[in-house]
Each structure stands twice: as C-alpha cells, then as structure tokens.
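Next come the chains, spelled out residue by residue.
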Amino acid sequence: MSKQRVSTFSDTAQRQTFIKSLLRDMRALEYMLDNDWFDKGITRYGSELEMVLVDKTTLKPVNLAMDIIEAMDNVPWAETELAKFNLEINLTPRELKGMNFSLTEKEILTRLSKLDKTLSQFNASYILTGILPTIQKFHLTNDNITPRQRYFALIEAFKKQRQSNYFELKIFGIDELFVKHNSAFLEAANTSWQVHLQVDPANYVKMYNIAQTLAAPSMAVAANSPIVFGKRLWHESRIAMFEQALDTRSMHEHMREQSTRVSFGKDWLNNSILDIYREDIARFRVLLSTAAQEDALEKVYNNEVPKLNSLLVHNSTVYRWNRPQFGKSANGKPHLRIENRVMPAGPTVKDQVANAAFWLGMMTGMGLKYDDIRDHISFSSLRDNFGRSARFGMEAELTWLKGKKIHALDLIKKELLPIARAGLKHHNVAPEDIDEYLGVIRERVGKRTNGAIWMLNAYDRLLKNNTSKDEALSVLTYSIMKNQKTNTPVHKWKMPRLQDLVEYMPLNLKVSEFMVTDLFTVQNDDIIELVAELMDWWKIRYMPVEDARGNMVGLVSIRLVLRNLVKSSQAKEMQNLTVEDIMIKNPITISPETSILDAMRIMQKKRIGALPVKKNKTVVGIITEKEFLTITSRLLERLHASNK
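Because the structure is predicted, anything quoted here is derived from the model rather than measured.

For helix H10 (residues 349-369), built from 21 residues, the straight-helix expectation of 30 Å at 1.5 Å per residue is met to within 8% by its first-to-last C-alpha distance of 30 Å. Taken across its 21 residues, H10 has 19 buried, putting it largely inside the fold.

Grouped together as the largest cluster of nonpolar side chains are 186 residues, with contacts concentrated most on Met51, Leu53, Phe101 and Phe358. In this structure, Phe101 is in contact with Tyr45, Leu96, Val353, Ala357, Leu360, Leu424, Val429, Asp433 and Tyr437, ignoring residues within four places of it in sequence. Among the nonpolar cores identified, the runner-up in size contains 16 residues, and Met535, Val556, Val561 and Leu577 belong to it.

Take the pairing of strand E16 (residues 334-340) next. Counted residue by residue, E16 has seven buried out of seven residues, so it is predominantly covered. Bridge analysis of strand E9 (residues 193-199) against E16 gives five bridges, and the strand direction is antiparallel. Within E16, the residue paired with His196 across the bridge is Glu339. As judged from the seven bridges shared by strand E15 (residues 322-328) and E16, these two strands associate in the antiparallel manner. Directly across from Lys328, in E16, lies its bridge partner Pro334. Linking two consecutive strands that pair antiparallel, namely E15 and E16, is a turn of five residues; a positive phi of about 90 degrees is found at Gly332 within it.

Moving on, we come to the packing of helix H3 (residues 100-120) against H10. Helix packing for two helices is described by the angle between their axes and how far apart those axes are. One can describe the packing of H3 onto H10 by two numbers: an axis separation of 10 Å at closest approach and a directional angle of 150 degrees. Judged by the sense of rotation from one axis to the other, the crossing of H3 with H10 is right-handed. Two secondary-structure elements touch here, H3 through Phe101, Thr104, Glu105, Ile108, Leu109 and Leu112 and H10 through Val349, Lys350, Val353, Ala357 and Leu360. Counted by class, the contact of H3 with H10 contains eight nonpolar, one polar and two charged residues.

A few words now on the packing of aromatic side chains. Going through the model one piece at a time under the given rule, you end up with 15 aromatic pairs. A ring pair is formed by Trp268 and Phe379, whose centres lie 5.4 Å apart and whose planes are at 70 degrees; its orientation type is edge-to-face. Residue Trp268 is located in the loop between strand E12 (262-263) and helix H7 (273-283), and its partner Phe379 is located in helix H11 (residues 379-392); the two are separated by 111 residues in the primary sequence. Stacked on the ring of Tyr126, the Lys or Arg Lys485 has its end atom at 4.9 Å from the ring centre. The ring of Phe138 carries Lys510 above its face, with NZ or CZ at 5.3 Å from the centroid.

So, about the pattern of salt bridges. Within the structure shown, the criterion is met by 35 salt bridges. Glu294 serves as the salt-bridge partner of Lys299, at 3.7 Å between the closest nitrogen and oxygen. Classification of Lys299 by relative accessible area gives partly exposed; the value is 27%. A cluster of three or more residues bridged by salt bridges with shared partners is formed by Glu279, Asp280, Arg283 and Arg320.

Together, Arg541, Arg559, Arg563 and Lys567 make up a region of like positive charge exposed at the surface. Among the structural elements, Arg541 can be located in the loop between helix H16 (528-538) and strand E19 (542-546). Exposure remark for Arg541: the relative accessible area of 46% places this residue in the partly exposed category.

Going residue by residue along strand E7 (residues 167-172), you find Phe167, Leu169 and Ile171 tucked away on one face and Glu168, Lys170 and Phe172 left uncovered on the opposite face. Of the strand pairs in this sheet, E7 and strand E8 (residues 176-181) are connected by six bridges, and their pairing is antiparallel. Across the sheet, residue Ile171 finds its bridge partner in E8, namely Leu177. Where E7 folds back onto E8 in an antiparallel hairpin, the turn is made up of three residues.

A few words on the side chain of Arg341. Here Arg341 lies in the loop between E16 and H10. Apart from residues no more than four positions distant in its own chain, Arg341 is found in contact with Ser192, Gln194, Arg238, Phe242, Tyr319, Arg320, Trp321 and Arg323.

Rules of the game
- Residues numbered from 1 in each chain as written.
- Predicted model: local features only at pLDDT ≥ 70, side-chain atom pairs only at ≥ 80, totals over all residues.
- Heavy atoms only, no water.
- Helix = DSSP H or I, 4+ residues; strand = E, 2+ residues; numbered from the N terminus.
- Expected span 1.5 Å × (residues − 1).
- Buried < 20%, exposed > 50% of the residue type's maximum accessible area, 1.4 Å probe, protein only.
- Core = buried A, V, L, I, M, F, W, Y, C linked by side-chain atoms within 4.5 Å.
- Contact = heavy atoms within 4.5 Å.
- Pairing = 2+ DSSP bridges.
- Axes fitted to C-alpha atoms, helices over the stretch in contact; angles between N-to-C directions.
- Left-handed = near helix turned anticlockwise from the far one by under 90°.
- Nonpolar A, V, L, I, M, F, W, Y, C, P; charged D, E, K, R; others polar.
- Phe/Tyr/Trp six-rings, centres within 6.5 Å; stacked < 30°, edge-to-face > 60°.
- Lys NZ or Arg CZ within 6 Å of the ring centre and 35° of its normal.
- Salt bridge = Lys/Arg side-chain N within 4 Å of Asp/Glu carboxyl O.
- Patch = residues over 30% accessible without salt bridge, like charges linked within 9 Å, V, L, I, M, F, W, Y side chains within 5 Å.
- Areas by Shrake-Rupley, 256 points an atom, 1.4 Å probe, with all protein chains shown as cover.
- Lys, Arg positive; Asp, Glu negative; His and termini not counted.
- Charge placed at Lys NZ, Arg CZ, Asp CG, Glu CD.

The following block contains the structure:
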C-alpha cells in the first residue's frame, strides 16, 4: 500500500477535504495526459517481492520485521508489510533489454543473502511462497499488525466499512475452508511477486486489456498457494483469500450488483487509464486520508509534475489484480505502469524471474500481434479463465481467442511461449536470457509441475505416513525453504521425506494445530444403539454431544456406551436408553489456544482420555490419547533415526 502517512477520517469535513483533493488530482492527471507530459518510447519493468519470516526451529511465522529493518540500518530496498512476520524487498527498475533479467535475479539473490545473514542472528530465515503452509488463523490477529500508523488505519477503515462483526472465508477445493474472523488481517497470509510494466499513455488501453487477457495463463503457470490452514484448496488460493478477506459488501434483498475492493474488473478498458480511476472513485468510498496533500492543479499550471498523493492513497485501497499505477521517472517525467499482482512469491528466485520474463514477453508479443484484443475474445471469457486458473492452475481448461477451448498447458506450450519469445526478441533481450528463463517455463510445463502441484503431491505423500497435519506441514515448509536456497527451479525438486526434518519438536504447539476437526457428534435424544454403531463403524472412542443449535452439552465415551449397553441388555431396557442417560454432562474442555503440553498435563492429572476443544459454546475439535500416541511414536522414530 501507499508508503505515505495516512489516517482514517476524524470527521465529515476531513473526508470532504480529501475528496476535493482527490478530484483535483484527477483533473491534473487528465491535464498531463491531454498535454503529452508523459515519459514514452522506453519499456521498463520493476518488481517487488514479499516474503514470510519464519523461526528456523518451529518453521512458524516469527514477528521480526521491525527488528530486521533496524538491524539492517533501514536499507532503502527493504520495507515492512502489513504483518510483523512479512517483509518486502524492492528491486531496481530496469529497461526491458539485454541481460537485465539475469541482473534482476542476481540483485534479488544478493539482497536475500544479506537479509538471511541478519535473520540468522535471530534463529530465523525467510521463505518465498504464496501462502506459508504452517501459518494458522491465530497468527492473523491484530496483535501481529506491524506497528505503523498506515497499517492500523487500513485495518480500522475496513472494519468500519464491514456491515457485520466478521470477515468470512469460504473456499472449496479438495478440502473445504469455512472460517470467520474479526479482522481483515486475514489478508496478511498472502505474499506476492508483483511485476510492473511501464506503458506509453497512447498504448495504455491496448496493453491493459492484453494484461487482463494474460492474467489467467500467467497465474496458471506460476500458481504456488494451494494450502491454507492445512486445507488443500485452490492452486492459487491467494485469489480467494485476498478477495474475501477484504470484502466489505453487504447483502441486498433486490440482487443489487456490488463490487469488491479486490477484483479482476467488470469490463474492458475503453478510453484511458482515467476510466479505471473514475470507476474506483465512483464504486468505492474513500477509506484513508493523507497529510501530504497538495494542490495538484496549481502544480501543473506552474509546469511542475505533482505527486498525486490523494489519488495514490485511494488507489492503494482498491486492489485490482492488474492495477494502474502513476509514478515519476528518473528524468523527472511522469509515467504510467500496469502492476501485475496475480503471481505469488516463490517457489525460487529463478522461478519468479522466469514468470516475470514470460509475462513481459507475452505482453509485448501480444501487442505486436493484435491491434485490439477485444476483437478476439469476450471479457466474460477472461473472467471465467481467471477463476478457473485460480482454482486449477496448470490443469485448467480455458476459453481462448475466437472461443477456442484449450488446456492451459497446451495454450502455454503451443501459443504463448512462442509469442513471449517474439516479444523479448523485439526488445533486444539477450538470447541467453530468453533461453534461460523461457526454458524454465517450457520445462515446467513439460514436467506438468509448478509450485502448487509439487506442494499438493508432497503434502499427500506426507499425510500417508501416519503423521499429523502439523508434522506434514512442517516437513513441507522445511523442504520448500531448503530447496529455495539452492535456487533450483521447482520442477526439478524431489519429494520431501519425514526424516528430512530431524529437529521437529511439536511440544510447543497450540491445540488448534493438532486437534481432530472432522468430528462425528450426537444429540442427547439419540439412542445408545445408534451411538454404538457409529463408534464401531468409524473406530472412534469419544463423541461430543450437541444440542440443536450446535452448542456442546456433553461427551460420550465407548466405555460408557459398552457399560450401559450391557446393563440395559440384561434389564431388557435398551430401547429406552438415550445419550442423555449416560453422557458426561460437564466434561472438562480446553480452548484452541491451549498448548499441547498443558493439554497433556490436564489429561494426566484428571485421568481422562479425551479433551473436547471449545470456542465459546461450540465444540471445534477434540484431542484424545491417539493424538498424543502419534506425537510420542513420531518423536521416538526421529530419535532412533538421529542416533543411527
């Protein structure tokens, strides 16, 4: 978001003052466009890389961003992000030519190396991934917001806009995720590789529409965010996470259409970049103000280039996946950019630079081949392609030009790679760079493996080895981090093994990271015979008892069921026995925030075999002896392996 000092509005007068400044910025931008002020005739690209900071021992997020920034003497290329466990590095803008992709890769690796040396002093490291496999909902609380005014102001502004007390996530993939949260801070789970392309104003409409057309295939090949809170969801779950986490819309009885602040867009761009800004001002209320307001119109009338502070602040609160950007070049002239936000961070630096080269090459190649892409494909197809690519990545079936149905892999291999090569050649990119980075894309497609597919396959294999989700996610995260340091492209990675992570120590876990959440429950008027059959069918020893509203009212164990079945059989009263007759009415429970060690101590002290996990009055999971036996056996296996 905008790096300026921002705040929420203290009163109506402040909001009105900001809106006046915003409108003057728009008139100033229109004046500069009409009078040909903009830098043109040169094609530059820039980029920003977000990452997660993790503890080397736990492989969980660690809140070190401010400490790292300070320890590195506030280097200008490292910047905080919304969460204390995120950092962003900014790369030098470069002209699209020569060996500049190689220079970009070298620059990223050099900066990451410096960053890693500082992180090592804190027993921490970085990881490049769209969504960190080990991140959990409890990491995404407001306590972990980076202590800078602009971040608190943004979260507070979204909360005020929201028409209910909760932000919701509903994502369905291999698994299902349905989560309620009290903050838009859920967005902080996402980390991206954002690539900017400078575009001449006269070509902006044409190139923006091409960017929209290429959003789906460029995301499909780069997908790297398939796992959220241990759930296997979309290949690029960032899309759903971001759109839903910042969705402030309310329900309307008459099916009124509303736009979310994170969106692909509703239609083609038809006239100029002004249309995007105008739509965003019309559809979305201003959320933040800036103290750095200026009279942009007065500046342009004095032949000075304004900063357009108010416009930039509002633009920073509307998150189009292809976002318009205004900036100033080193020569002092203003310029326009398209910011591609669809690509995730990772899996490696080489993969990311390859993704950027592929997109930038396609942009130019498509621009050379098609005068107006709107004549060849419908916007509804673009939106459908975008959703399909987010869900299925490289396995998506897409609608391409002239209504052609094609698999994403075939589209990339047969049509888009040649177009990208032609585009890079047009800009005199060195043949070595073209072969190197488009070669990564070609091999990735040939192996049918990107970050998302590798991660899903690896996670499935790990779960089959009688291991907990937390251990599988930890091993997966460790393997990603280890492979990243080699900078070997993801399609060459081997599958991880449980023994790769020698120092896995789960005793500091919270119950929410280890509990069983796929529960079978009964109600108090169910007959015992039904409970006995359910326990036998599913080989479970404990069942929570819920009322009609889903509140927990008791607990039934297999021991209680068997004891009472025997008694009732002898007394010939089985048909009248219900759950309410035998259940433990006030079972000992714990909260999701309880530590595993504390849960073990409670079970030992109370001599009980299960602990239902409650949030308010609702049972959200259960911990039994089986889970602790799994922990113990896996630790013993690791200890035995380390002593060989």
